[in-house]
Amino acid sequence: MTKTLAFETQTKALIDNLKSVCASYGLGNDGNEFKIITQTFLYKFLNDKFIYEVKKLDEGIANADKPLEALAATPAQDYELLLLQLPANTARLAPAHLIPALYARQNEANFADSFDATLQDIAKANNEIFSVKTGQDERIVLFDNLSRYVTDKRDDFCRAIVNKLVDFSFEHIFEEKFDFYATIFEYLIKDYNTNSGGKYAEYFTPHAVAKIMARCMVHGEVSNVTCYDPSAGSGTLLMNLAHQIGENRCTIYSQDISQKSSGLLRLNLILNDLVHSLPNIVKGNTISEPYHKEGNALRQFDYIVSNPPFKLDFSDMRDALDTKANRERFFAGVPKVPNKKKESMAIYLLFLQHIMHSLKPNGKAAIVVPTGFITAQSGIDKKIRQRLVDERMLAGVISMPSNIFANTGTNVSIVFLDRANKDEVVLIDASGLGEKVKEGKSQRTVLSTEEEDQIIETFNAKKELDDFSVIVSYDDIAAKNYSLSAGQYFEVKIEYVDITPEAFATKMKGFETNLASMFAESKALEKEIVENMKGLRYE
């Protein structure tokens, strides 16, 4: 077993142990379980990262037989100096905040209160760096009072949690890279980031899709750029984009109405060394109350990624959106409220228009849309495509295999915008790729690494491959009623096969023989019909 795989196995075991504790105290599948799991995991991560960074700064503590006792014995003035030297992405902790200190107090009375108070104290001490905020600028702190989610035996529950946290140190995982943390994060949230009835931003974007989007957008070295997701969910798209650019060369911005998603995104940013972007993570309604602005205008970004909800009942705010103030942003229109099935309102069309409006003059974007969008013959869909083509801001479209998302049967495509692309557009039909696998009651299509690379290389090189990709001009697209489906541009090929004169004569002889047989059969049938007609009598 490699070192990385060993750390991954140990980390997953810790997550399983925490879930087991929750199940033992009646919290399995409870709505609050995810808060306990993600926040205790975050506490463990911040605790071990603090010790890891302190040991790098102070050789005396690092080489001590009992480093934590040496740290606790550090004079107050020296301790303050140590805190000042810590990297900005590291939480400031007091000796009493550390897990071993809590572990030592577990037999005290009212231990649950001590547990909650410790986490609250850490949250308060690190409020400026680690809080995310709401659209009204209220801070959402790091930790809740976790023991309140248990109805009885609160002390026992908190002891069980601390006993799991003290078993294994994360100090060895801080040298690991993006792929390690992506795997751990996906494992951590896999039971909590599901489609909750089609509500906002509860969708998890597969890493294959996120990787394709990032690698098709970012070419060469870029720096000091802004990246935005207006429906960020748990942040998979943003993490892949930041990793492709370089975590220290970009700043992340997001907005999402789900408090749960904002919490998951915060954890994802901390794991992936993007703490500097935490102040830009906002819980709020992007469509009705967009937060990120410069003056009165929407802020514009270098890169935008998004997998917005496709359908949602927004009938209660529909008329407020369809006003003169929003006319420029929602240039193609706001979907009307249907008489039935209000939950089927196509809210992704609003996100798509919002993204077009939020892109810098040389900016790039990649948005997941239902495949029906790329061929719709009328309505808001077509008006958006027409704007993309007429203003020459399209880079390409990739139609993905069906069931690439396990939690939706809707076929999806990725639309790539590039406001600097005035040349040709690449359209890819990747619907035939992938292998079908069963996941519980669902079926999912999984792309191999080679297939992911095939899509990325074809897109970036703008290559034409038979029945897979085609390169078209903006005029070509306009002539095809603004269709962005690759299949409508593939050439219909007639295959010619060279044959010898003898083979030709043999084929013709065969055709003549078959025809003679068919004609003879026809004449016999004709004679039989005539004879039968003679037998008919009036009665």
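Residues numbered from 1 in each chain as written. Predicted model: local features only at pLDDT ≥ 70, side-chain atom pairs only at ≥ 80, totals over all residues. Heavy atoms only, no water.

- As annotated in an unreviewed UniProt entry, the chain carries the name site-specific DNA-methyltransferase (adenine-specific) and comes from Microscilla marina ATCC 23134.
- Recorded in UniProt for the chain, the comment headed Sequence similarities (unreviewed entry) runs: "Belongs to the N(4)/N(6)-methyltransferase family."
- The heading Catalytic activity (unreviewed entry) in the UniProt record of the chain holds the text "a 2'-deoxyadenosine in DNA + S-adenosyl-L-methionine = an N(6)-methyl-2'-deoxyadenosine in DNA + S-adenosyl-L-homocysteine + H(+)". (UniProt positions renumbered as here; feature names shortened; annotations may be inferred.)

## Observations regarding the overall build of the chain
Next, step 1: Along its length, the chain carries 19 helices and 15 strands.
Next, step 2: Its C-alpha atoms give the chain a radius of gyration of 31 Å, clearly above 24 Å, the size a compact globule of 539 residues would have.
Next, step 3: Each of the three principal axes of the chain carries a C-alpha extent, and together these read 120 × 60 × 50 Å.
Next, step 4: Looking at the chain residue by residue over its 539 residues, the buried ones come to 49%. (Helix = DSSP H or I, 4+ residues; strand = E, 2+ residues; numbered from the N terminus. Rg over C-alpha atoms; globule rule 2.2 N^0.38 Å. Buried < 20%, exposed > 50% of the residue type's maximum accessible area, 1.4 Å probe, protein only.)

## Quick look at the domain arrangement of the chain
Next, step 1: Taken domain by domain, the chain comprises domain 1 (3-176), domain 2 (207-488) and domain 3 (496-538).
Next, step 2: Distance between the C-alpha centres of domain 1 and domain 3: 87 Å. (Domains from an automatic or database assignment.)

## Details of the pairing of strand β15 (residues 469-472)
Next, step 1: Of the two faces of β15, the one carrying S469 and I471 and the one carrying V470 and V472 are both buried.
Next, step 2: Direction of pairing for strand β12 (residues 425-429) relative to β15: antiparallel, over a ladder of four bridges. The residue of β15 that forms the bridge with I428 is S469. (Pairing = 2+ DSSP bridges.)

## Section: the packing of aromatic side chains
Next, step 1: Enumeration over the complete set of coordinates arrives at 13 aromatic pairs.
Next, step 2: Summarising the aromatic geometry, the rings of Y25 and F157 are spaced 5.4 Å apart at their centres and angled 75° between planes, so their arrangement reads as edge-to-face. Placement of Y25 in the loop between α1 (3-24) and α2 (33-57) and of F157 in helix α9 (residues 154-165) is noted, with a sequence separation of 132 residues between them.
Next, step 3: Given the relative accessible area of 26%, Y25 is considered partly exposed.
Next, step 4: Here the guanidinium or amino end of K44 rests over the ring plane of F170, the centre of that ring lying 5.7 Å away.
Next, step 5: For K480, the ring lying beneath its charged end belongs to Y489, and the centroid distance is 5.8 Å. (Phe/Tyr/Trp six-rings, centres within 6.5 Å; stacked < 30°, edge-to-face > 60°. Lys NZ or Arg CZ within 6 Å of the ring centre and 35° of its normal.)

## So, the environment of L238
Next, step 1: Tracing the sequence through the fold places L238 in helix α12 (residues 236-245).
Next, step 2: Sequence-wise, L238 and G295 are 57 residues apart; in three dimensions their C-alpha atoms are separated by 25 Å.

## As for α1
Next, step 1: Here α1 spans 32 Å end to end across 22 residues, near enough to the 32 Å set by a 1.5 Å rise per residue.
Next, step 2: Turning to α1, its buried residues number three or more, namely F7, E8, T11, L14, I15, L18, K19, V21 and C22. An end-on view of α1 places all buried positions within 155° of arc, on one side of the element.
Next, step 3: Tucked inside the fold, the buried residues of α1 contact α2, α9 and α10 (178-189).
Next, step 4: Immediately downstream of α1, the backbone of G26 shows phi near 80°, a positive value. (Expected span 1.5 Å × (residues − 1). Arc of directions from axis to C-beta. Contact = heavy atoms within 4.5 Å.)

## Digging into the state of the cysteines
Next, step 1: The full count for this structure, using the stated rule, is zero disulfides.
Next, step 2: The thiol of C158 is not disulfide-bonded; the next cysteine sulfur, from C22, is found 11 Å away.
Next, step 3: The cysteine C227 is free of any disulfide, with C250 supplying the nearest cysteine sulfur at 4.4 Å. (Disulfide = S-S within 2.5 Å.)

## What to know about the sheet that holds strand β9 (residues 359-370)
Next, step 1: On the basis of which strands lie adjacent, the open sheet formed by eleven strands has the order β2-β1-β5-β4-β3-β8-β9-β11-β10-β12-β15 and mixed pairing. The open sheet has two edge strands, β2 (139-140) and β15, and neither has a second partner.

## What to know about the confidence of the model for the chain
Next, step 1: Across the chain, the average pLDDT comes to 89, with 96% of residues at 70 or higher.
Next, step 2: Ranking the elements of the chain by mean pLDDT puts α10 last with 81 and strand β8 (residues 301-306) first with 98.
Next, step 3: Counting contacts from residues 195-202, a segment whose pLDDT is below 50, to residues more than four positions away or on other chains yields 25 contacts. (pLDDT = per-residue confidence, 0-100.)

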